[in-house]
Amino acid sequence: MQNPDPNDPGLYPLILTGHQRPITCLQFNHDSDLLFTASKDGNVILWFADDGSYVRKYSHEGVVWSIDINRASTQLITGSGDCHAIIWDLERGDEIFNYTFESTVRVVKFAIGDKKVLIVLDPFRDTPGRILVFDIERFSTEPIAILENRSCARITGASWGFMNRTIITTHDDGMIGVWDPSESDDSKQLKKHVLGHEKAITSLTMARDYSCFLTASHDMSGKLWDAETLDALKIYPSDLPLNAGAIAPCSEHICLAGGHDTRSITTQRHDADQFKMRIYQTVYETFLGSLRGHFGPIHSIAFSPDGNRMVSGSEDGMVRMVHLSRGSFYHLAELSLPKRAEAATAATAPTTTTTTTSTST
């Protein structure tokens, strides 16, 4: 959607209304023309990124915590609280392979080259949390690597490192770990770990070149880390607990978002203005401004790989997509969302009642 007034620096959002419960995960495909949204309603919805048109739905029987798309945009993998990780044929919507476990699937991620996939499981009874690596060229139920998380802290995020040589994990006690998936000795699998935050780490975003990654935490800070040494390179302070972070493809900006959880909101007085996306200049750590419009804590944000779109999803079940132009974030000091027009409402998924959402100024 083009800005109707080229002299107005405002960013006009597109509202996607297809989920009935809070958003958990958002992701674009590599070509930036498809957007995937996951929710606690057990559904993953595929949209055309250009105009927000509904395409199809992929369903679980429990909360969908994680999704990933292969580089060719032919396969989608989803991980859910129903203890299943499913690889889908993206075009037809059919299941290709279904992994079944005894505990919640927290993270799923295709490896570079799309020949392997990592699946992170939550602890279950006496079984510790685990990182499993599967060969998806032959779709075996037997993992080719098992990494056991022997700490009592749950893994909240995971990503492949450079050339699939390592796996980086974040935990709900603030720890960050680097694992060697090729190591068979259990005592040597965890190569390095540091205390990255004082409270739970809620988001892990790897840079495009795998040289660094961004974390967001409930300790009200975001940090940029060296992926090899685990040195903290930059710190981005906030005044609210953070749930999500994203690195712009140009690497000039990072975005952080969050808000107090729903339990706190219902028992204490909080300003709705807290549910904003905060934009920072990456290198100088400068806070540039914020974008608002959600009515609940923001749980996920993402940039499209081509850098032309930014999307956010929150507790209110709403997905907001903004089309960006060059230099958009440098006008944030003057920015209003929007001043003279209501936000456009995208096509709603079938079986969902369309609701009109206006954007606050």
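Summary of the structure given here. Quick caveat: nothing in here was measured; it's all calculated off a predicted structure. (Residues numbered from 1 in each chain as written. Predicted model: local features only at pLDDT ≥ 70, side-chain atom pairs only at ≥ 80, totals over all residues. Heavy atoms only, no water.)

### Some points on the overall build of the protein chain
In terms of helices and strands, the protein chain carries one helix and 29 strands. When each of the 361 residues of the protein chain is scored for burial, the buried share is 56%. Long-range pairs, those at least 24 residues apart, make up 44% of the contacts in the protein chain between residues at least 6 apart in sequence. With the model as given, the accessible surface of the protein chain reaches about 16,100 Å², and the carbon-plus-sulfur share is 47%. (Helix = DSSP H or I, 4+ residues; strand = E, 2+ residues; numbered from the N terminus. Buried < 20%, exposed > 50% of the residue type's maximum accessible area, 1.4 Å probe, protein only. Contact = heavy atoms within 4.5 Å. Areas by Shrake-Rupley, 256 points an atom, 1.4 Å probe, with all protein chains shown as cover.)

### Regarding the sheet that holds strand β17 (residues 190–195)
Strands sit in the order β14-β15-β16-β17 across an open sheet of four strands; the sheet is antiparallel. A strand with exactly one partner marks an edge of an open sheet, and here the two such strands are β14 (155–160) and β17. For this sheet the average axis-to-axis angle between neighbouring strands, irrespective of direction, equals 15 degrees. Of the pairings in the sheet, the one linking β14 to strand β15 (residues 167–171) comprises five bridges and is antiparallel in character. Note that in β15 the partner of I155 across the bridge is H171. (Pairing = 2+ DSSP bridges. Axes fitted to C-alpha atoms, helices over the stretch in contact; angles between N-to-C directions.)

### Focus: the side chain of S221
Within the secondary structure, S221 sits in strand β20 (residues 221–226). A polar side-chain atom of S221 sits 2.8 Å from a polar atom in the side chain of D219. Not counting the four nearest positions on each side in its chain, S221 is found in contact with H197, T215, A216, Y236 and L242. (Polar contact = N/O pair within 3.5 Å; in protein donor to acceptor, adjacent residues only side chain to side chain.)

### Details of the side chain of S39
Along the chain, the position of S39 falls in strand β3 (residues 34–39). A distance of 3.0 Å separates a polar atom in the side chain of S39 from the backbone oxygen of R21. Those residues in contact with S39 that sit more than four places away from it in its chain are H19, R21, P22, I23, T24, V63 and V64.

### Details of the packing of aromatic side chains
All told, the structure shown has nine aromatic pairs when counted by the stated rule. Between Y99 and F101, the aromatic rings sit 6.4 Å apart at their centres with planes inclined by 10 degrees, giving stacked as the arrangement. Taken as a pair, Y99 and F101 share a single burial class, namely buried. Connected via pairs of aromatic rings, a cluster forms that spans F97, Y99, F101, F134 and F139. Sitting over the ring of W65, R106 keeps its end group 4.5 Å from the ring centre. (Phe/Tyr/Trp six-rings, centres within 6.5 Å; stacked < 30°, edge-to-face > 60°. Lys NZ or Arg CZ within 6 Å of the ring centre and 35° of its normal.)

### Section: the sheet that holds strand β10 (residues 105–110)
Pairing in this open sheet of four strands is antiparallel, and the strands run β10-β11-β12-β13 from one edge to the other. Taken across any chain shown, the strands that pair with only one partner, and hence form the sheet edges, are β10 and β13 (145–149). Sheet twist, expressed as the mean angle between neighbouring strand axes with direction ignored, is 15 degrees.

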